[in-house]
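Chain by chain, the residues run as shown.
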Amino acid sequence: MDENLIRTVMAFVSAKTWEDWSHMVRSEAAILLSTDADSLLGQMHEVAKHDPELAAIIELRRNLLRRCREDGIAATFAHLKGPILDEGVAAEEVPEAPIPAEDPEVTIINRDAYKGLVLRSVLHSYDKMLEEQRDSPLDYGQTQLNRAKVLHQLAGLPDEDRPAMLYGALNAYNDALNVQKDVPRDYARTQGNRAVLLYQLAVLTGENHIERLREALDAYDEALDKLSDIPHVYGKTQLNRVALLRDIAGLPGEDRAARLYQALDGLEKALECHQDMPMAYAKTQIPRANLLRELAGLEGEDRPTRLREALQAYDDALANLEESAIEYAVTQTGRASLLQEIANLPGEDRAVQLQNALKAAAAALRGLQQHDNSAQYRAAQRMMANTRNAIVNHFDEATFREWWAKTSDAPLPDWL
């Protein structure tokens, strides 16, 4: 196995903070987001099963990379950095106020420090408001919720005591919940943000990873109980819960199959909420396709049926996406990989499925050339190389070149 791959993966597993993880994934995306890295982490997880703490850390890091592949690096680390400010609530976000270029203090204060000063000022105001709202439970709960969000945002700034800020935010969320039980929507939204925070606590060094993730799952369940009359928020919360269930599935002491089937049920419910929302529908079908592929590998499952269900889910996603959208191209990358798996099934027409895989890989490359996303483009390049190798191995080089000419007007790239 490549020494650079081993060294990079080990460094990622050993890193302690989300800032370090973010820096490593962005700078080493070609390695860390590769199938080789995922395979290595899977092997490490198996070897570490005698040590539940180490096994949990490895699995959490592996899941973080999976989220980066499926959701994008920026979205994944935004989820780790601070609160997901929900819709329909007076979140009172701190404005990204620009520092005037002529301001003499611009040379001695950076934007994070400036934002920290503003957040602390807002936090001080909320603290004073709480003292005046003891006899007004609903106002007290809303202020405590907003205060929790400010602490949550502070936790995402450099040079802050991240654990202290997260624990402070958790206490504030818990305090808000105590007075929101008769206000279902406020209660649900507080639980949603609290679930995100519990996930962030779960990846801290020294935390009880598994217990925190289970607490986060309970928070999502509490939120969903109150959100049935707000379909778009219910669907979004289901998607967050599904992502968490997939993270939990491989942890020590968990029933992986049971958790994955729960995740599939959550995706089905989310789809029902997104029938009239093409983009949301597509973004639900994509993780559903990925999950169906994972289920296909379970003992006792009907692998061919699950893989064909996954292909249909990818196709349904593509039908609801604009061809110019980055999600369209990324979905084609996953579809190319799946078609190669299907090509190896007994009774399948291998030539037809590999030609379809080549078309999907080519569509992914064309689409990603239009977007400034080097990590996703490199993933598409790797998928095209894998598709080429599959065709050459099962047929020959001449067949690949013949199919390429039928698939693309462009000449064969030099890197291929």
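Residues numbered from 1 in each chain as written. Predicted model: local features only at pLDDT ≥ 70, side-chain atom pairs only at ≥ 80, totals over all residues. Heavy atoms only, no water.

Student: Whenever I open this one, the overall build of the protein confuses me. Can you help?
Tutor: Looking only at helices and strands, one finds 19 helices and zero strands in the protein. Computed over C-alpha atoms, the radius of gyration of the protein comes to 23 Å, within 12% of the 22 Å expected from 2.2 N^0.38 for 416 residues, which places it in the range of a compact globule. The principal-axis extents of the C-alpha atoms in the protein amount to approximately 80 × 55 × 45 Å. In the protein, which comprises 416 residues, the share counted as buried stands at 51%. Accessible surface for the protein amounts to roughly 19,700 Å². Of this, 49% is attributable to carbon and sulfur atoms. (Helix = DSSP H or I, 4+ residues; strand = E, 2+ residues; numbered from the N terminus. Rg over C-alpha atoms; globule rule 2.2 N^0.38 Å. Buried < 20%, exposed > 50% of the residue type's maximum accessible area, 1.4 Å probe, protein only. Areas by Shrake-Rupley, 256 points an atom, 1.4 Å probe, with all protein chains shown as cover.)

Student: Explain helix 14 (residues 278-296) here, please?
Tutor: Under the 1.5 Å per step criterion, the end-to-end length of helix 14 is 27 Å for 19 residues, consistent within 8% with the ideal 27 Å. For helix 14, the tally of buried residues reaches 15 of 19 residues, placing the bulk of the element in the interior. (Expected span 1.5 Å × (residues − 1).)

Student: Please explain the packing of aromatic side chains as it appears in this structure.
Tutor: How two aromatic rings sit relative to each other is set out by the distance from centre to centre and by the angle between their planes. Scanning the model with the defined rule gives two aromatic pairs in all. Ring geometry for Phe400 and Trp404: centres 6.3 Å apart, planes at 45°, overall tilted. Of this pair, Phe400 and Trp404 both sit in helix 19 (residues 397-407), four residues apart, which is roughly one turn of that helix. The class for Phe400 is buried, based on a relative accessible area of 0%. Judged by its relative accessible area of 8%, Trp404 falls in the buried class. The aromatic ring of Tyr199 is capped on one face by Arg67, whose charged end is 4.5 Å from the ring centroid. One residue, Lys226, lies across the ring of Tyr187, its end atom 5.4 Å from the ring centre. (Phe/Tyr/Trp six-rings, centres within 6.5 Å; stacked < 30°, edge-to-face > 60°. Lys NZ or Arg CZ within 6 Å of the ring centre and 35° of its normal.)

Student: Please clarify how the confidence of the model for the protein should be interpreted in this entry.
Tutor: Detailed reading of the predicted coordinates is not advisable wherever pLDDT falls low. The share of residues in the protein with pLDDT of 70 or more is 92%, and the mean pLDDT across the chain is 87. Confidence drops under pLDDT 50 across residues 85-109; counting only partners more than four residues distant or on other chains, this segment forms 37 contacts. (pLDDT = per-residue confidence, 0-100. Contact = heavy atoms within 4.5 Å.)

Student: I'm lost on the packing of helix 17 (residues 350-368) against helix 19 in this one. Help?
Tutor: Helices that pack against each other are described as a pair by the angle of their axes relative to one another and the distance between those axes. The contact between helix 17 and helix 19 brings their axes to 10 Å, and the two run at 55°. Taken together, the axes of helix 17 and helix 19 are oblique relative to one another. Relative to helix 19, the crossing made by helix 17 is right-handed. Of the residues in helix 19, those touching helix 17 at Ala351, Leu354, Gln355, Leu358, Lys359, Ala362 and Arg366 are Phe400, Trp403, Trp404 and Thr407. Its residues assigned to classes, the contact of helix 17 with helix 19 comprises seven nonpolar, two polar and two charged. (Axes fitted to C-alpha atoms, helices over the stretch in contact; angles between N-to-C directions. Parallel < 35°, antiparallel > 145°, perpendicular 65-115°, else oblique. Left-handed = near helix turned anticlockwise from the far one by under 90°. Nonpolar A, V, L, I, M, F, W, Y, C, P; charged D, E, K, R; others polar.)

Student: Got a minute to help me understand helix 16 (residues 326-343) in this structure?
Tutor: Side chains that are three or four residues apart share a direction in an α-helix, a result of its 3.6 residues per turn. An ideal rise of 1.5 Å per residue puts 26 Å on 18 residues; helix 16 measures up with 26 Å between its terminal C-alpha atoms. Taken across its 18 residues, helix 16 has 13 buried, putting it largely inside the fold.

Student: Sorry if this is basic, but what is going on with a negative patch on the surface here?
Tutor: Where like charges cluster on the molecular surface, the negative patch consists of Glu19, Asp20, Asp112 and Asp159. Inspection of the secondary structure puts Asp20 in helix 2 (residues 18-27). (Patch = residues over 30% accessible without salt bridge, like charges linked within 9 Å, V, L, I, M, F, W, Y side chains within 5 Å. Salt bridge = Lys/Arg side-chain N within 4 Å of Asp/Glu carboxyl O. Lys, Arg positive; Asp, Glu negative; His and termini not counted. Charge placed at Lys NZ, Arg CZ, Asp CG, Glu CD.)

Student: Would you mind showing me how to read the side chain of Arg288 here?
Tutor: With respect to the helices, strands and loops of the structure, Arg288 is situated in helix 14. A distance of 3.1 Å separates polar atoms of two side chains, one belonging to Arg288 and the other to Glu268. In this structure, Arg288 is in contact with Leu264, Leu267, Glu268, Leu271 and Ala313, ignoring residues within four places of it in sequence. (Polar contact = N/O pair within 3.5 Å; in protein donor to acceptor, adjacent residues only side chain to side chain.)

Student: When you look at the environment of Leu295 in this model, what are you seeing that I'm missing?
Tutor: Counting through the fold element by element, Leu295 comes out in helix 14. You can call Leu295 buried: its relative accessible area is 0%. Here the alpha-carbon distance between Leu295 and Leu339, two residues 44 residues apart in the chain, equals 16 Å. Those residues in contact with Leu295 that sit more than four places away from it in its chain are Leu260, Tyr261, Leu264, Glu301 and Arg306.

Student: What should I look at first to understand the environment of Arg66 in this one?
Tutor: Examined against the element boundaries, Arg66 turns out to sit in helix 5 (residues 52-71). Considered as a pair, Arg66 and Val196 are 130 residues apart in the sequence and their alpha carbons are 17 Å apart. What Arg66 contacts, discounting residues up to four positions off in sequence, is Ala243, Arg246 and Asp247.

Student: Just to check I follow, could you spell out the nonpolar core for this structure?
Tutor: The nonpolar side chains of a soluble globular protein tend to be buried, and buried together. Membership of the largest hydrophobic core comes to 109 residues, with the highest contact counts inside it found for Val9, Trp21 and Val25. Element by element, the count of residues in this core is highest for helix 17, at ten residues. Among the nonpolar cores identified, the runner-up in size contains eight residues, and Leu224, Ile230, Tyr234 and Cys273 belong to it. (Core = buried A, V, L, I, M, F, W, Y, C linked by side-chain atoms within 4.5 Å.)

Student: Would you mind showing me how to read the pattern of salt bridges here?
Tutor: Two side chains bearing opposite charge may form a pair once their charged atoms approach each other closely. Taken as a whole, this structure holds 29 salt bridges when the rule is applied. Close ionic contact of Arg212 with Glu215 constitutes a salt bridge, the shortest N to O distance being 3.3 Å. Separated by three residues within a single helix, Arg212 and Glu215 lie in helix 11 (residues 209-225), roughly one turn from each other. The exposure class assigned to Arg212 is buried, which follows from its relative accessible area of 15%.

Student: Can you walk me through the environment of Val203 in this structure?
Tutor: With respect to the helices and strands, the residue Val203 is situated in the loop between helix 10 (184-202) and helix 11. Residue Val203 is classed as buried on the basis of its relative accessible area of 8%. Through-space distance from the C-alpha of Val203 to that of Arg214 is 13 Å; in sequence the pair is eleven residues apart. When residues no more than four places from it in sequence are discounted, the contact partners of Val203 are Trp21, Arg61, Leu80 and His209.

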